[in-house]
Amino acid sequence: MATFSANRRIHVAQRVEMNGLNDVQDKTSTQNEKPSLGKMAIIICVCMILGLIFGFAVEKGRVFEPEIVYNQMLFKKFVMLKMFLSATISGMFFLSVLSMLPFTRSAFLQAKRSFLSCIQSKGYVTVLTGGAILGSGMAIGGTCPGVLLAQVGTGTSNAGYCLLGSLCGVLLYGITEPFITKATKPSQPIRYQFLYHFYGSPYFMMALPIAAALSIVVFSLEIIFPWETENSVDPESWEKSGLLGLPTWPPFMTGVIVGSLQLPLVLILGDTIGGSSGYCTITSQIFLTKSMKKLSPYLVRYQTGIQNWWQVIYIVSAMLGAYLSSTLSGRYGTIQGVSIPQAFIGGMMIVFGSRLAGGCTSGHGLSGMGLLNMLSIATVVSMFGGGMITAYMMETFM
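What counts as what
- Residues numbered from 1 in each chain as written.
- Predicted model: local features only at pLDDT ≥ 70, side-chain atom pairs only at ≥ 80, totals over all residues.
- Heavy atoms only, no water.
- Helix = DSSP H or I, 4+ residues; strand = E, 2+ residues; numbered from the N terminus.
- Buried < 20%, exposed > 50% of the residue type's maximum accessible area, 1.4 Å probe, protein only.
- Contact = heavy atoms within 4.5 Å.
- Areas by Shrake-Rupley, 256 points an atom, 1.4 Å probe, with all protein chains shown as cover.
- Salt bridge = Lys/Arg side-chain N within 4 Å of Asp/Glu carboxyl O.
- UniProt positions renumbered as here; feature names shortened; annotations may be inferred.
- 1 Å grid on protein atoms, 1.4 Å probe; cavity = no way out; pocket = protein on both sides within 12 Å on 5 of 7 lines; lining within 4 Å.
- Points joined across faces, edges and corners; volume = space filled by probe spheres on them.
- Nonpolar A, V, L, I, M, F, W, Y, C, P; charged D, E, K, R; others polar.
- pLDDT = per-residue confidence, 0-100.
- Phe/Tyr/Trp six-rings, centres within 6.5 Å; stacked < 30°, edge-to-face > 60°.
- Lys NZ or Arg CZ within 6 Å of the ring centre and 35° of its normal.
- Axes fitted to C-alpha atoms, helices over the stretch in contact; angles between N-to-C directions.
- Parallel < 35°, antiparallel > 145°, perpendicular 65-115°, else oblique.
- Left-handed = near helix turned anticlockwise from the far one by under 90°.
- Disulfide = S-S within 2.5 Å.

## As for the overall build of the protein chain
Argument step 1. Secondary structure assignment for the protein chain yields 20 helices and zero strands.
Argument step 2. Here the protein chain holds 398 residues, and the buried ones make up 56% of them.
Argument step 3. Once local pairs closer than 6 in sequence are excluded, the contacts in the protein chain between residues at least 24 apart make up 83%.
Argument step 4. For the protein chain, the computed accessible surface area is about 17400 Å², with 69% contributed by carbon and sulfur atoms.

Quick look at the structure:
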């Protein structure tokens, strides 16, 4: 009897949430199709500002350095994990607040609907495979779709080859997407899209306690592995340089900055942090000729529309933000990247894996994890698993 009541509560909660999502879709579909010029101007300005902040924070957090990414997969340094978790925690907090307030709940539901639209054809086999490819590419190339933006902006050696590999990865996925989707699309819809569906509770009732638990994890990692020692911080640089001129900031500080970007993205764009789909829009402009349109209907969908181009504006601005940060600290062009073959192959794998999984370290890692999406949680686990295995193999045999 208790089990029956619990299941009924879960199904009621799911139905109420889906009704809310459908209501938001009905109310916002028209304005999303044809935004006014004024709204488009606001969106462009917001994306530019947020991109600048993202690139600046990633550069200050040092997580764009290939050595940091590689050593995270080997669990020798924890700078990347501390920043990643801090961004997820702050994102969860702001998303929880938005979901609770009556006048922001519709924006929260709209953002959630936008996120779900990116993974509607994905199943666990797809995201686990895509996550593993993404993680392996991170270990090989020392980067991910979001971090790559900072690498290009900071003049990291061979970052251009990694970017070229990323665009080729998009092109490869765009050509093979019809076959991949047909082979991997689940026969039935995912029963539980979000972790809190298991318990029939509101999102914030589970998100806030999880955010608190993750905060303890970050705090513990910081005690055991102080960020100053992992980043080799010179105490004199803190005394001589201003805040903007410092070569590095604490990873938990830069993580909170990145996670807080969820707030304006949800309220103004009705979307969450992501990055890999922007590569699709760029690729569709470069490679998609008339003959290619028949070969890749997938890329055609990314050619036009503010819903696609806002991420391109965000990407370019993130590169500029990283450039400004590295220039202010006098470290532009000083970071050693991976070899050219590693950069190209790693770049191809991170974006192909991201597109296969329906999101990257930002889309699944920060937004999906922040929303407690089950597919995103599986993707992140697979991503780190693939990265760890690849890094250990490289450490052993190379």
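## Structural notes on the pattern of salt bridges
Argument step 1. According to the stated counting rule, one finds six salt bridges in the structure shown.
Argument step 2. Residue Lys77 is joined to Glu67 by a salt bridge in which the shortest nitrogen-to-oxygen separation is 3.0 Å. With Lys77 in the loop between α3 (66-73) and α4 (79-100) and Glu67 in helix α3, this pair connects stretches of sequence that are ten residues apart.
Argument step 3. Between Glu395 and Lys76 there is a salt bridge whose closest N-O contact spans 3.0 Å. Residue Glu395 is located in helix α20 (residues 374-397), and its partner Lys76 is located in the loop between α3 and α4; the two are separated by 319 residues in the primary sequence.

## Comments concerning the UniProt feature "transmembrane region" (unreviewed entry) in the protein chain
Argument step 1. Look at the UniProt record and you will see "transmembrane region" (unreviewed entry) annotated at residues 37-58, 78-103, 124-152, 158-180, 201-225, 309-328, 340-358 and 370-394.
Argument step 2. The span residues 78-103 shows a helical share of 85% and a strand share of 0%, and its end C-alpha atoms are spaced 38 Å apart.

## Notes on the environment of Val46
Argument step 1. Examined against the element boundaries, Val46 turns out to sit in helix α2 (residues 37-61).
Argument step 2. With a relative accessible area of 13%, Val46 lands in the buried category.
Argument step 3. The spatial distance from the C-alpha of Val46 to the C-alpha of Leu269 is 8.8 Å, given a sequence separation of 223 residues.

## Regarding empty space enclosed by the protein
Argument step 1. All told, the structure shown has two cavities of 30 Å³ or more when counted by the stated rule.
Argument step 2. Approximately 230 Å³ is the volume attributed to the largest cavity.
Argument step 3. Of all the secondary structure elements, the ones that give two or more residues to the lining of the largest cavity are α2, α4, α7 (145-153), α19 (361-370) and α20.
Argument step 4. Considering each element in turn, the lining of the largest cavity owes the most residues, four residues, to α4.
Argument step 5. The calculated volume of the second largest cavity comes to roughly 50 Å³.
Argument step 6. Pro66, Gly141, Gln151, Thr156, Ser157, Asn158, Ala159, Cys162, Gly337, Val338 and Ala343 together form the lining of the second largest cavity.
Argument step 7. Among the residues forming the lining of the second largest cavity, the class breakdown is five nonpolar, six polar and no charged.

## As for the side chain of Gln72
Argument step 1. One can find Gln72 in helix α3.
Argument step 2. A residue is classified by how much of its surface remains accessible, and Gln72, at 1% relative accessible area, is buried.
Argument step 3. When near neighbours in sequence (up to four residues on either side) are disregarded, Gln72 contacts Lys77, Phe78, Val79, Met80, Leu81 and Phe384.

## Observations concerning the confidence of the model for the protein chain
Argument step 1. Summary statistics for the protein chain give a mean pLDDT of 88 and a share of 89% for residues scoring 70 or more.
Argument step 2. Below pLDDT 50 for its whole length, residues 1-6 participates in zero contacts with residues either more than four positions away or in separate chains.
Argument step 3. Below a pLDDT of 50 lies the segment residues 23-32, which in the model reaches ten contacts outside its immediate sequence neighbourhood of four places, other chains included.

## Observations concerning the packing of aromatic side chains
Argument step 1. By the definition in use, this model includes 15 aromatic pairs.
Argument step 2. Taking the centre distance of 5.3 Å and the plane angle of 80° together, the rings of Tyr323 and Tyr332 count as edge-to-face.
Argument step 3. Each member of the aromatic cluster is reached from another via a ring pair, and the members are Phe108, Phe194, Tyr196 and Tyr203.
Argument step 4. The positively charged end of Lys112 is found above the aromatic ring belonging to Phe194, 4.8 Å away from the centroid.

## Notes on the environment of Arg331
Argument step 1. Turning to its location among the elements, Arg331 is positioned in the loop between α17 (306-328) and α18 (340-357).
Argument step 2. Considering only alpha carbons, one finds Arg331 and Thr154, 177 residues apart in sequence, at a separation of 7.9 Å.
Argument step 3. Once residues lying within four places of it in the same chain are set aside, the contact partners of Arg331 are Arg62, Glu65, Pro247 and Ser326.

## Description of the packing of α4 against helix α13 (residues 262-269)
Argument step 1. It is at 9 Å that the axes of α4 and α13 come closest, and there the two elements cross at 35°. Across the interface between the two elements, Gly91, Phe94, Leu95 and Leu98 from α4 touch Gln262, Leu263, Val266 and Leu267 from α13.

## A few points about the packing of α4 against helix α12 (residues 251-259)
Argument step 1. Two elements in contact, α4 and α12, have axes whose closest approach is 7 Å; the angle formed by their N-to-C orientations is 40°. Taken as axis vectors, α4 and α12 run oblique relative to one another. Crossing of α4 over α12 shows right-handed handedness. In contact with Val79, Lys82, Met83, Ser86, Ala87, Ser90, Gly91 and Phe94 of α4, α12 contributes Pro251, Phe252, Thr254, Gly255, Val256, Val258 and Gly259.
Argument step 2. Residues belonging to the contact of α4 with α12 are distributed by class as follows: eight nonpolar, six polar and one charged.

## Focus: the state of the cysteines
Argument step 1. Counting across every chain of the model gives zero disulfides.
Argument step 2. The cysteine Cys47 is free of any disulfide, with Cys45 supplying the nearest cysteine sulfur at 9.4 Å.
Argument step 3. Here Cys47 falls in the buried class, since its relative accessible area comes to 0%.
Argument step 4. With no disulfide partner, Cys162 has as its closest neighbouring cysteine sulfur the one in Cys144, 9.7 Å distant.
Argument step 5. With a relative accessible area of 2%, Cys162 lands in the buried category.

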